[in-house]
Amino acid sequence: MGQESELLSWMNVDPYGIFVAENVEDGQIAGCCCGIALSDTHGYIGMYVVKSKYRGVGLGRILWNAAINRLGNRNIGLSSAPPMLGFYRGKGGFSFTAQWTVDLYIASDPVLPKNTLSRPHPFTVVVEPKGSLVQHAIDYDYLIHKYDRSAIVKETIREEGTLTLIAVKPSIDDNFQATGYACMKKSLQGHWLIAPVYADDTSSARSLLYGLVNALGDGERKEGVVAKLVSSNSEAAKLFLQFGLKKTQYQLQRLFTKRIHEIPENKIFALQSSVFCTE
């Protein structure tokens, strides 16, 4: 996940969605759980963790219930590690399972493919946080998710240190046609996190990925690059491999309480977040 700025973004999206337990004796955080409303009908559970020394006393259940109650009657999504699947599907009520998994790809020193043109097509443009291109990113995001995520997109783009690119299809009549957008920021672990990459096709995704990796200096590339992919998009896996990112053992299952939130998996080349279950 991202750094502090990402948490601040989600607090702006839903100021009441992040719950923490505090040890009143020393002020240390003992655990947390997020239950953030993405819309009136969409919600998610994420960042559910209790420090080891506070486990076994019911603290996790209190945090969990607070997050669940916050989301009410929404269709709630979450990403589960294998050991927790039984709990979430049973007592948790997350009985709907997506056919795809969240797979982590990583490169300790990413590369720019030699067979890629110096300026791939479609061409890419930097999206400034307060510029007019933000609306184009919002409009494209709606095509992916089918509900209004304008607040989420705006917050993501203006996170400190985030680079956002939009892919633009050349047009002889000067009409602006976005074919995808992508973001990159520093992760909590010190890598560069590419999240998301949404694109019409592999060509647009390649342009976006090339632009992001090319924006990193030599020293920054050596800090590593990570991305979370949808397992069912084989073209995304092939594309990221060209840039040196390889699949790891990390894998999460996406679960829902009411129904599977259908997404155009072939257009999602990298997820925005598995911590916040935005897809």
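Residues numbered from 1 in each chain as written. Predicted model: local features only at pLDDT ≥ 70, side-chain atom pairs only at ≥ 80, totals over all residues. Heavy atoms only, no water.

Things to note about the pattern of salt bridges
Now for step 1: Inspection of the entire model under this criterion finds nine salt bridges.
Now for step 2: Between aspartate 14 and arginine 70 there is a salt bridge, with the nearest N and O atoms lying 2.8 Å from each other. A residue pair is termed long-range when its members are at least 10 positions apart, and aspartate 14 in the loop between α1 (4-13) and β1 (18-22) and arginine 70 in helix α2 (residues 59-71) qualify at 56 residues.
Now for step 3: Of the charged contacts, one joins aspartate 109 and lysine 222 as a salt bridge, the two residues approaching to 3.3 Å between their closest N and O atoms. Taken as a pair, aspartate 109 in the loop between β5 (96-107) and β6 (123-126) and lysine 222 in the loop between α7 (218-221) and β10 (225-230) lie far apart in primary sequence, 113 residues in all.
Now for step 4: Given the relative accessible area of 57%, lysine 222 is considered exposed.
Now for step 5: If you follow the salt bridges from partner to partner, you end up with Glu6, Glu159 and Lys185 in one network. (Salt bridge = Lys/Arg side-chain N within 4 Å of Asp/Glu carboxyl O. Helix = DSSP H or I, 4+ residues; strand = E, 2+ residues; numbered from the N terminus. Buried < 20%, exposed > 50% of the residue type's maximum accessible area, 1.4 Å probe, protein only.)

A short note on the packing of helix α4 (residues 133-145) against helix α5 (residues 150-157)
Now for step 1: One way to put it is that α4 packs onto α5 with a least axis distance of 9 Å and a crossing angle of 130 degrees. Accordingly, the angle class assigned to the pair α4 and α5 is oblique. In the packing of α4 onto α5, the handedness of the crossing is right-handed. Where α4 approaches α5, its residues Val134, Ala137, Ile138 and Asp141 are matched on the opposing element by Ser150, Val153, Lys154 and Ile157.
Now for step 2: For the contact of α4 with α5, the per-class residue count stands at five nonpolar, one polar and two charged. (Axes fitted to C-alpha atoms, helices over the stretch in contact; angles between N-to-C directions. Parallel < 35°, antiparallel > 145°, perpendicular 65-115°, else oblique. Left-handed = near helix turned anticlockwise from the far one by under 90°. Contact = heavy atoms within 4.5 Å. Nonpolar A, V, L, I, M, F, W, Y, C, P; charged D, E, K, R; others polar.)

Examining the packing of aromatic side chains
Now for step 1: Tallied over the entire structure, the rule returns ten aromatic pairs.
Now for step 2: On the numbers, 5.6 Å between centres and 80 degrees between planes, the contact of tyrosine 44 with phenylalanine 276 is edge-to-face. Placement of the pair is tyrosine 44 in strand β3 (residues 42-50) and phenylalanine 276 in the segment after β12 (268-270), with a sequence separation of 232 residues. Comparing tyrosine 44 with phenylalanine 276, the two get one shared label, buried. (Phe/Tyr/Trp six-rings, centres within 6.5 Å; stacked < 30°, edge-to-face > 60°.)

Description of the nonpolar core
Now for step 1: In terms of nonpolar packing, the biggest core is built from 30 residues, with Tyr44, Ile45, Leu78, Phe94 and Phe276 touching the most fellow members.
Now for step 2: Listed by contribution, the elements that provide at least two residues to this core are β2 (29-37), β3, α2, β4 (75-80) and α3 (85-89).
Now for step 3: Per-element accounting of this core gives the leading share, six residues, to β2.
Now for step 4: For this core, the two domains that each supply at least three residues are domain 1 (4-99) and domain 2 (103-255 + 265-270).
Now for step 5: Listed in part, the 27 residues of the second largest apolar core include Tyr105, Val213, Leu239 and Phe240. (Core = buried A, V, L, I, M, F, W, Y, C linked by side-chain atoms within 4.5 Å. Domains from an automatic or database assignment.)

Keep in mind these numbers describe shape, not what the thing actually does.
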